[in-house]
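Single-letter residue listing:
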Amino acid sequence: MKKSANRSLDYRSIRMLIVAALLLFLTGIAHSYLGERYILIRLFKRDNLPQLFGGTDFTTSTLRFVWHLLTVVWWGIAILVLQASGQQLQSRSVLEMFSAIAFVSGMFPFFLTRGRHLSWVVFFAVSALLWVAAPGG
């Protein structure tokens, strides 16, 4: 049986979406905290990390921003799920959220690697394109 795209959500469905969003948010916190404490810190103490740009700072910064980037993406998805629970999910809000995710994604390499990891250029470009292309943007 096909569900109608325009149907109203019932109370049970709304609760499930809110719980899913909460789980995504909490998973992001756990992922960043536990990953930093039990994986990244121990990994960075190793003496055999690749030395790029004259040392291991670039390597550790890149690994750190990529690790925490996943949390940012999960939080963005959680916000979209919450918007869906209130039936306020429109293409504009989706594009604006992904624009914000791309912007924050660019901030990580820009600051953590002092701009040496050039992914920030792409993330900022994507952010700007999505923001401007959003209906009413």
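Residues numbered from 1 in each chain as written. Predicted model: local features only at pLDDT ≥ 70, side-chain atom pairs only at ≥ 80, totals over all residues. Heavy atoms only, no water.

1. Observations regarding the pattern of salt bridges
Once the charged atoms of two side chains with opposite charge are near each other, the side chains can pair. Which entries qualify depends on this criterion: Salt-bridge detection follows one rule: a side-chain nitrogen of Lys or Arg within 4 Å of a carboxyl oxygen of Asp or Glu. Secondary structure elements are defined from DSSP: runs of H or I of at least 4 residues count as helices, runs of E of at least 2 residues count as strands, and each element is numbered from the N terminus. Throughout, exposure labels follow a simple rule: accessible area from a 1.4 Å probe, protein chains only, divided by the maximum for the residue type, with under 20% read as buried, over 50% as exposed, and the rest as partly exposed.
In total, this model carries 2 salt bridges according to the counting rule given. The partner of Arg-64 in a salt bridge is Glu-36, with the nearest N and O atoms 2.5 Å apart. Pair noted here: Arg-64 is in helix α2 (residues 57–85) and Glu-36 is in helix α1 (residues 11–44), with a separation of 28 residues, a long-range link. Assessed through its relative accessible area of 24%, Arg-64 is described here as partly exposed.

2. Re the environment of Ala-100
Structurally, the position occupied by Ala-100 is in helix α3 (residues 91–112). Separated by 28 residues in sequence, Ala-100 and Val-72 place their C-alpha atoms 9.7 Å apart.

3. Description of the nonpolar core
The following threshold applies: Residues grouped as a nonpolar core are buried Ala, Val, Leu, Ile, Met, Phe, Trp, Tyr and Cys residues, joined through side-chain atoms within 4.5 Å. Throughout, a residue-residue contact means that at least one pair of heavy atoms, one from each residue, lies within 4.5 Å.
Phe-65, Leu-69, Val-72, Leu-80, Met-97, Ile-101 and Phe-108 form the largest nonpolar core, which has 7 residues in total. Sorting the residues of this core by element identifies α2 and α3 as the ones contributing at least two each. Ranked by the residues each element gives to this core, the list is headed by α2, at 4 residues. Leaving out residues up to four positions away in the same chain, Phe-108 has contacts with Phe-65, His-68, Leu-69, Val-72 and Thr-113.

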